[in-house]
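Secondary and tertiary structure notes
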Amino acid sequence: GWRGLHQNIIACALQQYRGAPKDCAAWIGPHISARSYVVDTAFKARFLAQNANYELCFSAQDGAIHCDLSAIARLQLTQAGLAESHIHVAPQCTFADKRYPSFRRDGPKASRLVTMAWLL
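Below: a short report on this structure. What you see is a predicted model, and the numbers here were worked out from it, not measured in a lab.

1. With respect to the overall build of the chain
Helix and strand counts for the chain stand at five helices and five strands. Its helices and strands taken in sequence order, the chain reads α-α-β-β-α-β-β-α-β-α from the N to the C terminus. Taken over C-alpha atoms, the radius of gyration comes to 15 Å for the chain, in line with the 14 Å a tight globule of 120 residues would show. Along the first, second and third principal axes, the C-alpha atoms of the chain reach 45 × 35 × 25 Å.

Below you can see the structure in the form of structure tokens.
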């Protein structure tokens, strides 16, 4: 979520990886889409204070600010050394698609989404 992205969890995780980031692949699972994720100016400013390039991850629609969290994650991943072609983004929006849990949509009663990954 946004908190992990703001705390640079991607860079922290890659620092623990013993290989080269260029050899990694990343999958961004179902997440709230920019179309559904309306934020305020303070939220946007918090990210822009970290990296001016995050401006590309925000858009204005109908007088509201929308944030594309997957774009922030992709930017962090490429800045950490992953090839853009090694980054895969799931198209499902957890807010719009009721099959997925969404705290923003359902509040505290929302369940959680867990992803597991491994190499064979």
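2. Quick word on the pattern of salt bridges
Under the definition given, this model contains five salt bridges. A salt bridge links Glu84 to Arg74, with the shortest nitrogen-to-oxygen separation between them at 4.0 Å. In this pair, Glu84 sits in the loop between helix H4 (69–79) and strand S5 (87–89) while Arg74 sits in helix H4, placing the two residues ten residues apart along the sequence. Note on Arg74: relative accessible area 25%, which makes it partly exposed.

3. Some thoughts on the sheet that holds strand S3 (residues 58–61)
Taken in spatial order, the three strands make up an open sheet running S2-S4-S3, and their pairing is antiparallel. Strand pairing shows two members of the sheet lacking a second neighbour, strand S2 (38–39) and S3, which therefore form its edges. Of the pairings in the sheet, the one linking S2 to strand S4 (residues 64–67) comprises two bridges and is antiparallel in character. Bridging from a neighbouring strand, Val38 pairs with His66 of S4.

4. Digging into the pairing of S3
Look at any regular strand and the pattern is simple: side chains alternate between the two faces of the sheet. The pairing of S3 with S4 spans four bridges and is classified as antiparallel. Opposite Ser59, over in S4, you have His66 as the bridge partner. What sits between the antiparallel neighbours S3 and S4 is a turn of two residues, in which Asp62 has the positive phi angle 55°.

5. Some words on a nonpolar patch on the surface
Together, Val114, Met116 and Trp118 make up an exposed nonpolar region whose accessible area comes to about 440 Å². Relative to the helices and strands, Trp118 is located in the segment after helix H5 (103–106). Assessed through its relative accessible area of 60%, Trp118 is described here as exposed.

6. Overview of the layout of surface pockets
Taken as a whole, the largest pocket encloses approximately 1700 Å³ of empty space. Residue lining of the largest pocket: 43 residues in total, with Gly1, Ile28, Gly29, Pro30 and His31 positioned closest to the centre. If you list the elements that add at least two residues to the lining of the largest pocket, you get helix H1 (2–6), helix H2 (9–16), strand S1 (26–28), H4 and H5. Of the residues that constitute the lining of the largest pocket, the class distribution is 30 nonpolar, nine polar and four charged.

Calculation notes
Residues numbered from 1 in each chain as written. Predicted model: local features only at pLDDT ≥ 70, side-chain atom pairs only at ≥ 80, totals over all residues. Heavy atoms only, no water. Helix = DSSP H or I, 4+ residues; strand = E, 2+ residues; numbered from the N terminus. Rg over C-alpha atoms; globule rule 2.2 N^0.38 Å. Salt bridge = Lys/Arg side-chain N within 4 Å of Asp/Glu carboxyl O. Buried < 20%, exposed > 50% of the residue type's maximum accessible area, 1.4 Å probe, protein only. Pairing = 2+ DSSP bridges. Patch = residues over 30% accessible without salt bridge, like charges linked within 9 Å, V, L, I, M, F, W, Y side chains within 5 Å. Areas by Shrake-Rupley, 256 points an atom, 1.4 Å probe, with all protein chains shown as cover. 1 Å grid on protein atoms, 1.4 Å probe; cavity = no way out; pocket = protein on both sides within 12 Å on 5 of 7 lines; lining within 4 Å. Points joined across faces, edges and corners; volume = space filled by probe spheres on them. Nonpolar A, V, L, I, M, F, W, Y, C, P; charged D, E, K, R; others polar.

Limitation: the analysis is restricted to geometry and does not speak to function.
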